[in-house]
Amino acid sequence: MAVIINGKAIAADIRNDIKQGVDELIKAGRRPPYLAVVLVGDDPASASYVQGKQKAAHEVGIQSDTRTYPDSITQADLVNVVHRLNDDSEVDGILVQLPLPDHIEYQRVIEAINPDKDVDCFHPENVGKLMLGLPGFKPATPAGIVELIKRSGIDIAGKRVVIIGRSNIVGKPLASLLIQKGVDATVTVCHSRTQNLPDITRRADILVAALGRAEFVTADMVKKGAAVIDVGINRVDDATKERGYRLVGDVKFDEVAEKASFITPVPGGVGPMTIALMLQNTLVAAQ
Ligand code: L34
């Protein structure tokens, strides 16, 4: 039976360190860091993640507000919102929660963010710096995954990591982080066109599931003793729950836990780390 990695507890440790950093800033006579969150539309999942970010920000002493806009906002108006936040010297960090409505090219909105305020590390300039190994923001979910692995005492250097999913938020930047000198993983990125996927995933020392399909990874896809990181957050209808749904990851938890050495749960795994590492970027932006 695998060790269940407690992302909630590890994220709380990181938030503690952030709080100390914030306190030091304030002692040095600076105002508290300020994070501006932009939320478009009424997707309940997005609203709940943003709420989690606000709450966590306030707990570490980072000030933050969410600006909410209707689904009908135009791309030009949203870009203007971002420009105003860029120009506001009181704003240290800007986060535009994704996904955006289909009529908006989200890439145009991200490119409008001042790279120095881009606490998601989504701007092409920051993505480029990440690829080159230059100092700067780290993307929250990928950096959170690396922290979870390191703080659980799992060796990464020289190990074979297989990532399922090639998204701009997780798969691609995670591969980039893992191949940096000093992290030193050997990385394979799989996706929907990958042939013989189970053959590849079975060779992973560390398997990362980030494709967004509920319980996709089954025990037969996992090598005995592998560490399994589950990035998926899928809502599955469940009438026995008060909310009417339950959260499941991209990994079939019970059977994979029998076979793995380490596994992250959903919820309480990668999710809280994403929030903690984004707050870390906000502190860096203010510093
Ligand atoms: N711009 N958009 C931007 N930045 C991001 O970093 C995100 N992401 C993803 C979606 N869109 C984004 C998030 O914030 C996913 N994501 C995210 C963040 C936190 C949690 C889940 C997804 C989280 O806190 N998950 C909890 C459960 C939450 C619940 O109960 O609904 C967990 O324990 O996994």
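Scroll up a little and you will see the structure.
> So what's going on with the site of the ligand? Residues and values would help.
Lys53, Val96, Leu98, Asp120 and Gly268 are the nearest of the 17 residues found near the ligand. At 3.4 Å, a side-chain N or O of Ser48 approaches an oxygen atom of the ligand. When the ligand sits alone it has 680 Å² of accessible area, and the protein chains cover 83% of it. For the shell around the ligand, the secondary-structure elements that each account for two or more residues are helix H2 (44-59) and helix H10 (270-286). Per element, the largest residue contribution to the shell around the ligand is 4 residues, and it comes from H10. Broken down by class, the residue content of the shell around the ligand amounts to 9 nonpolar, 5 polar and 3 charged.

> Mind laying out a negative patch on the surface, listing which residues take part and the relevant values?
There is a patch of like negative charges on the surface, built from Glu215, Asp220, Asp254, Glu255 and Glu258. When its relative accessible area of 61% is taken as the criterion, Asp254 is described as exposed.

> Can you break down the side chain of Asn281 residue by residue, with the values?
Looking at where Asn281 falls in the secondary structure, it is placed in helix H10. What makes Asn281 buried here is its relative accessible area of 4%. Discounting chain neighbours no more than four positions away, the residues touching Asn281 are Val119, Phe137 and Lys138.

> Just give me the short version of the sheet that holds strand E5 (residues 160-164), but keep the residues and values in it.
If you walk across this open sheet you meet the 6 strands as E1-E11-E8-E7-E5-E6, and the pairing is parallel. For this open sheet the edge positions go to strand E1 (3-4) and strand E6 (186-190), each flanked by a neighbour on one side alone.

> Which residues make up the packing of helix H1 (residues 7-27) against H10, and what values do they have?
Running from amino to carboxyl end, H1 crosses H10 at an angle of 15°, the nearest separation of the two axes being 9 Å. Judged on the interaxial angle alone, H10 and H1 are roughly parallel. Note that H1 runs across H10; the crossing there is left-handed. When H1 is examined against H10, the residues Gly7, Lys8, Ile10, Ala11, Ile14, Arg15, Ile18, Gly21, Val22 and Leu25 are found in contact with a partner set consisting of Pro272, Met273, Ala276, Leu277, Leu279, Gln280, Leu283 and Ala286. Looking at the contact of H1 with H10 residue by residue, the classes come out as 13 nonpolar, 3 polar and 2 charged.

What counts as what
Residues numbered from 1 in each chain as written. Predicted model: local features only at pLDDT ≥ 70, side-chain atom pairs only at ≥ 80, totals over all residues. Heavy atoms only, no water. Near = heavy atom within 4 Å. Polar contact = N/O pair within 3.5 Å; in protein donor to acceptor, adjacent residues only side chain to side chain. Areas by Shrake-Rupley, 256 points an atom, 1.4 Å probe, with all protein chains shown as cover. Helix = DSSP H or I, 4+ residues; strand = E, 2+ residues; numbered from the N terminus. Nonpolar A, V, L, I, M, F, W, Y, C, P; charged D, E, K, R; others polar. Patch = residues over 30% accessible without salt bridge, like charges linked within 9 Å, V, L, I, M, F, W, Y side chains within 5 Å. Salt bridge = Lys/Arg side-chain N within 4 Å of Asp/Glu carboxyl O. Lys, Arg positive; Asp, Glu negative; His and termini not counted. Charge placed at Lys NZ, Arg CZ, Asp CG, Glu CD. Buried < 20%, exposed > 50% of the residue type's maximum accessible area, 1.4 Å probe, protein only. Contact = heavy atoms within 4.5 Å. Pairing = 2+ DSSP bridges. Axes fitted to C-alpha atoms, helices over the stretch in contact; angles between N-to-C directions. Parallel < 35°, antiparallel > 145°, perpendicular 65-115°, else oblique. Left-handed = near helix turned anticlockwise from the far one by under 90°.

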